[in-house]
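# Close look at the chain arrangement
So the chains spell out like this:
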Amino acid sequence: MANVSTLRFGAQTDEVTSLLRIVNMVRVGDAVTRPEIGRITGLGRGVVAQRVDRAVEMGFLEDAEYAPSSGGRAPRTLRFRAERGRIVVCALGGLHIHVGVTDLDGAILDEAHQAWDISRGPDETLRTATSMVDDLLARGDGTPVWGLVVGLPGPVDFETGRPVAPPIMPGWNDYDVRTVFEQRYDAPVWVDNDVNLLAAAERSRRRDEAVDLIYCKVGTGIGAGLVSHGRLHRGANGAAGDMGHVRVPGAEQVCRCGKVGCLEAVAGGWALVRDAGAAIADGATGPLAEAVASGETLTLEKITLAAGRGDALAISLVQASARQVGEAVAALVNMFNPGVIVVGGAVASTGELFLAEVRQRVYELSLPLATRDLAIKTSENDSREPLRGGVDLAKEQLFELSLPRWFAEGRPTVAAVHGAHG
Ligand SMILES: [Zn+2]
């Protein structure tokens, strides 16, 4: 996300504008010496020197080692002082809490993980999450928090930081998650859907600043994060990409959201557990059926592991899920024309078994122009992805979008970043 030209400048003077640009250029590594800054910005040597001095004085940049000489005197390199602030990511899943602390470049300094059922409600859940964050910060060196990102497993109104009627989160509807964190840590907070964090993590991995990407998560539930031209597309209310609840023609299963025939009720992880149980009760055989007969509880993890070991029932369930997901993704491809589709989540962790079916459906059902340069791949399947994505989102908000508003204060404040939202 190195595109400094996407900074939104308000009524800034030329001086502030070029100062912001220089800080960001050094931060992302587009230019690291004064002569390079001069070449890219077109500013004269004296002006560059004066701006850099100012950025050093404000604590954003500092002189580092000398660059390799290309004949004359070697120029001094500059570095962004990423150690001056901390970014905190708090990724809440349906059944776990994962928190991490990073520097301003996004290097993960410390993290903690614990099993947790989010249906225990917002009060208890956020008390637990904030105490995990407190522990991490207490282990650190007292560097101030510059921003926090909270990921939630349901639809979130990004502007207000409140969940909107999340199907698996009783008590969370319209809960003011942002204020809980802002008041505790005195730093700006962004709350987003967990799949958007995963989409942001994929975005940060790519050199292409204008990538068009869909991250499709097929876990217990199903959702998608959309990145349009390098920006997360959240839609008017934050509901964009909520593909788990599109109607599958002919399907009659009741969904967790209360509607009938949702994609998630047919192809989500909880639907696979339901269908595997029904098939075994109906006389299906194989290792998975034997495990159930010996008293084991059926879980999504057991189904995906069984599929990987060649269990015919598990394989057919995973493939059926992939075909339904593939049809929904094909519709998205025709409308959105992404360059990359990344498939992640527990069901998709079966890898090629899942991916092959999705690919086939997408190529069968999408327009040739939409799939001409399309890459479809599985995610890294790394537990740190939500942290990486959260940090990417925080850096985007802090340095690409809100920097002009708080720059003069030297560090981001809640009031400067979010205005008087209360
Ligand atoms: Zn539904």
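Since this is a predicted model, take the numbers as computed values, not measurements. (Residues numbered from 1 in each chain as written. Predicted model: local features only at pLDDT ≥ 70, side-chain atom pairs only at ≥ 80, totals over all residues. Heavy atoms only, no water.)

### Some words on the overall build of the protein
When you go through the protein residue by residue, the secondary structure sums to 16 helices and 14 strands. What you see for the protein is a C-alpha radius of gyration of 24 Å, in line with the 22 Å of a compact globule of 422 residues. Within the span of the protein, comprising 422 residues, buried residues form 51% of the whole. The long-range share in the protein, meaning contacts at least 24 apart out of those at least 6 apart in sequence, stands at 61%. (Helix = DSSP H or I, 4+ residues; strand = E, 2+ residues; numbered from the N terminus. Rg over C-alpha atoms; globule rule 2.2 N^0.38 Å. Buried < 20%, exposed > 50% of the residue type's maximum accessible area, 1.4 Å probe, protein only. Contact = heavy atoms within 4.5 Å.)

### Comments concerning the pattern of salt bridges
Side-chain pairs of opposite charge can arise whenever the charged atoms involved come near each other. Scanning all chains against the criterion turns up 33 salt bridges. The shortest N-O distance in the salt bridge between D134 and R184 comes to 2.4 Å. Residue D134 is located in helix α4 (residues 122–139), and its partner R184 is located in helix α5 (residues 177–185); the two are separated by 50 residues in the primary sequence. Residue classification places D134 among the partly exposed residues on the basis of a relative accessible area of 24%. You can call R184 partly exposed: its relative accessible area is 47%. One continuous salt-bridge network, built from bridges that share partners, spans E202, R205, R206, K377, D382, E385 and R388. (Salt bridge = Lys/Arg side-chain N within 4 Å of Asp/Glu carboxyl O.)

### Description of the coordination of the zinc ion
The zinc ion binds to the protein through H245 (ND1), C255 (SG), C257 (SG) and C262 (SG); the donor distances cover 2.0 to 2.3 Å. One can describe the donor arrangement at the zinc ion as tetrahedral, given that its four donor atoms subtend angles of 107 to 118 degrees at the metal. In the primary sequence, the donor residues of the zinc ion line up as H-x9-C-x1-C-x4-C. Linking H245 in the loop between β12 (231–233) and α7 (263–267) with C255 in the loop between β12 and α7, this pair joins segments that are 10 residues apart in sequence. Grouping residues by exposure puts H245 and C255 together as buried. (Donors = N, O, S within 2.8 Å, 3.2 Å for Na, K, Ca; no water. Tetrahedral: all angles 85-135°; square planar, octahedral: opposite > 155°, others 65-115°.)

### Description of the domain arrangement of the protein
Split by domain assignment, the protein resolves into domain 1 (4–80), domain 2 (84–201 + 384–418) and domain 3 (207–378). Relative to domain 3, the C-alpha centre of domain 2 lies at a distance of 27 Å. Across the contact, 17 residues belong to domain 2 and 18 residues belong to domain 3. Carbon and sulfur atoms make up 56% of the area that domain 2 and domain 3 hide from each other, which totals about 1400 Å². Between D192 and R234 there is a salt bridge whose closest N-O contact spans 2.9 Å. Remark: the boundary between domain 2 and domain 3 carries three residue pairs in polar contact (both at pLDDT 80 or more). Sort the elements by how many residues they give to the side of domain 2 that touches domain 3 and helix α6 (residues 194–205) lands first, with six residues. A breakdown of the residues in the side of domain 2 that touches domain 3 according to their chemical character gives 11 nonpolar, one polar and five charged. (Domains from an automatic or database assignment. Buried area = accessible area lost by both parts, 1.4 Å probe. Polar contact = N/O pair within 3.5 Å; in protein donor to acceptor, adjacent residues only side chain to side chain. Nonpolar A, V, L, I, M, F, W, Y, C, P; charged D, E, K, R; others polar.)

### Focus: the side chain of D103
Relative to the helices and strands, D103 resides in the loop between β4 (96–102) and β5 (108–115). Of the side chains bearing the opposite charge, R86 lies closest to the buried D103, which forms no salt bridge; the N-O distance is 5.9 Å. For D103, the side chain forms a polar contact with the main-chain nitrogen of D105, separated by 2.9 Å. A polar contact of 3.0 Å, which involves the side chain of D103, links it to the backbone nitrogen of A107. Sequence-distant contacts of D103, defined by excluding residues within four places in its chain, comprise A82, G85, R86, I87 and L109. (Lys, Arg positive; Asp, Glu negative; His and termini not counted.)

### Here we look at helix α3 (residues 45–57)
Over its 13 residues, α3 runs 18 Å from end to end, which matches the ideal 18 Å to within 8%, given 1.5 Å per residue. Where α3 is concerned, the buried positions are V48, R51, V52 and A55. Taken down its axis, α3 places every buried residue within 100 degrees of arc, on the same side. Facing away from the buried side of α3 by over 90 degrees, the exposed positions are G46 and E57. Buried residues in α3 make contact with α1 (14–28), α2 (34–41), β1 (61–66) and β2 (76–80). The first or second residue beyond α3 is G59, which carries a positive phi of 90 degrees. (Expected span 1.5 Å × (residues − 1). Arc of directions from axis to C-beta.)

### A few points about the packing of helix α10 (residues 300–308) against helix α11 (residues 312–336)
Two elements in contact, α10 and α11, have axes whose closest approach is 7 Å; the angle formed by their N-to-C orientations is 105 degrees. Judged by the angle between their axes, α10 and α11 are roughly perpendicular. When α10 is examined against α11, the residues I303, A306 and A307 are found in contact with a partner set consisting of A314, I315 and V318. Class assignment of the residues belonging to the contact of α10 with α11 gives a composition of six nonpolar, no polar and no charged. (Axes fitted to C-alpha atoms, helices over the stretch in contact; angles between N-to-C directions. Parallel < 35°, antiparallel > 145°, perpendicular 65-115°, else oblique.)

### Re the nonpolar core
Counting residues in hydrophobic clusters, the biggest one holds 47 residues, and the most contacted among them are I37, F60, F80, F399, W406 and F407. Ignoring anything within four residues of it in the chain, the contact list for I37 reads I22, M25, V26, A31, G42, V48, V52 and L78. Among the nonpolar cores identified, the runner-up in size contains 44 residues, and L288, I303, L317 and V333 belong to it. (Core = buried A, V, L, I, M, F, W, Y, C linked by side-chain atoms within 4.5 Å.)

### Re the confidence of the model for the protein
In this model, the protein carries a mean pLDDT of 91, and residues with pLDDT of at least 70 account for 96%. Confidence, read as mean pLDDT per element, is least for helix α13 (residues 368–371) in the protein (84) and greatest for strand β3 (residues 86–92) (98). The model gives residues 1–11 a pLDDT under 50, and that stretch makes 26 contacts with residues more than four places away or in other chains. (pLDDT = per-residue confidence, 0-100.)

### Comments concerning helix α8 (residues 269–281)
Here α8 contains 13 residues, and its C-alpha end-to-end distance of 18 Å stays within 8% of the 18 Å for a straight helix at 1.5 Å per residue. Within the sequence span of α8, burial applies to G269, W270, A271, L272, A276 and I280. On its buried face, α8 sits against α7, α9 (287–293), α10 and α11. Immediately beyond the C-terminal end of α8, within one or two residues, lies G283, with a positive phi of roughly 110 degrees.

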